[in-house]
Amino acid sequence: ALHVAYAFTGESWYFASGLSALPFSVSTIILWFFSSPSDKSHEKYVVGYYVIWMFALLLGIGVGHVYTDKEHGNPWIGWLILANAPWQPGFIYAFKHFRRKIGTKPEAQLKIYITESIFFKGFGLLPPIGYLTTESAKCLSAHRLDSGYIFDTCGGVIVPQLCITLSFVILIIANVAYVHLTTTVISPWQAASFEDLNGKVKIQCTLLSLVVSSNIVLFSAYGEGPATSLMSGLLIVCIVSTMSVSVIEAATIMSSMGKDVEEPVERELTQNLVNRIR
């Protein structure tokens, strides 16, 4: 709703408020989606809600930056956001497959999954996300009636909050999906020393180290005031790095899931051919 309001009014306050609430919103949708993986009827409602929510998000930010926010809008950002729309069916397709794969686990394992992965490791990460989001909300509410550009006042709070909370979002995705499906297993020593790691894992570890370093720097500079060019640059590094790690892992899992499906089919076809020959 905040980004839709930004599209209609062009007020940067709505854009900033929507951005600050974005990580918490994404986290709750992900946890809702994976909360009952064996219930297929639950899936269509969450997907439908996500499509409407994402459509409003992308269209609101894109239209606001390109058309209505004449003073502070950046058309390049607007078109870049709108260009994300064609990728959304791929994300939905992948996460539906992840959910259904997890849903095939025995009932005893699903109970453990719901208890540990969803509640402890999933909902357990919402408090820090909520705390940082509240800090941004305090700044935004205190300067709601200011006539200046809101990022000149609250950018120093919102930008670090986005980078740090985005890292928590990726951690939630890893806890509820990737950890249960990935074929990649490494020890903490391997991650720290880069020994006996393939190219994919080395890239992911490098990107994650950039995210951690960016979070440390941004947290140290956290406070009211304008977002500096360093903050904006580190936010871009954080977004690109976390998205790259997530996409690489999702693609790897989808590839391995495809092999798991193809191999039994190939064995069955081979056996049928052998039977016909006999």
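Being a predicted model, the structure only gives us computed values, none of them experimental.

**Looking at helix α6 (residues 107–120)**
For α6, with 14 residues, the first-to-last C-alpha span of 19 Å sits near the 20 Å given by 1.5 Å per residue. The largest bend along α6 reaches roughly 30 degrees and is located at Y113. Taken together, the buried positions of α6 are L110, Y113, S117 and I118. Here the buried face of α6 lies against α2 (12–34), α5 (88–103) and α8 (151–181).

**Remarks on the state of the cysteines**
Following the criterion strictly, the structure yields one disulfide and no others. Note on cysteine connectivity: C139 is disulfide-linked to C154, with sulfurs 2.0 Å apart. Looking down the S-S bond of the C139 and C154 bridge, the torsion is -95 degrees, so its handedness is left-handed. Taken together, the residues C139 in helix α7 (residues 126–142) and C154 in helix α8 connect sequence positions 15 residues apart. Taking the relative accessible area as the measure of exposure, C154 reaches 0% and is therefore buried. Looking at the unpaired C205, the closest cysteine sulfur is the one in C238, lying at 16 Å. On the basis of relative accessibility, which here comes to 13%, the residue C205 falls in the buried class.

**Side note on a nonpolar patch on the surface**
Among the surface-exposed residues, W32, Y45 and Y49 lie close enough to one another that they form a single nonpolar patch of about 360 Å² accessible area. With respect to the secondary-structure elements, Y45 resides in helix α3 (residues 40–68).

**Observations regarding the packing of aromatic side chains**
Tallying each qualifying case throughout the model produces 12 aromatic pairs. Seen in terms of ring centroids, Y50 and W53 are 6.1 Å apart; in terms of plane orientation they differ by 40 degrees. Their pairing is tilted. Taken together, the residues Y50 and W53, both in helix α3 and three residues apart, mark about one turn of the helix. Comparing Y50 with W53 shows no difference in burial state: the two are buried. Linked through ring pairs, F33, F34, F95, F98 and Y178 together constitute an aromatic cluster. Sitting over the face of the ring of F33, R99 holds its NZ or CZ atom 5.4 Å from the ring centroid.

**Notes on the nonpolar core**
Counting 58 residues, the largest nonpolar core has F34, F98, I172, V176 and Y178 as its most contacted members. Of all the elements, α8 adds the most residues to this core, at 15 residues. Non-local contacts of F98, meaning those with residues more than four positions away in its chain, are made with F34, Y178, L181, A250, I253, M254 and M257.

Rules behind the numbers
- Residues numbered from 1 in each chain as written.
- Predicted model: local features only at pLDDT ≥ 70, side-chain atom pairs only at ≥ 80, totals over all residues.
- Heavy atoms only, no water.
- Helix = DSSP H or I, 4+ residues; strand = E, 2+ residues; numbered from the N terminus.
- Expected span 1.5 Å × (residues − 1).
- Bend = angle between axes of the 7 residues up to and from the residue.
- Buried < 20%, exposed > 50% of the residue type's maximum accessible area, 1.4 Å probe, protein only.
- Contact = heavy atoms within 4.5 Å.
- Disulfide = S-S within 2.5 Å.
- Patch = residues over 30% accessible without salt bridge, like charges linked within 9 Å, V, L, I, M, F, W, Y side chains within 5 Å.
- Areas by Shrake-Rupley, 256 points an atom, 1.4 Å probe, with all protein chains shown as cover.
- Salt bridge = Lys/Arg side-chain N within 4 Å of Asp/Glu carboxyl O.
- Phe/Tyr/Trp six-rings, centres within 6.5 Å; stacked < 30°, edge-to-face > 60°.
- Lys NZ or Arg CZ within 6 Å of the ring centre and 35° of its normal.
- Core = buried A, V, L, I, M, F, W, Y, C linked by side-chain atoms within 4.5 Å.

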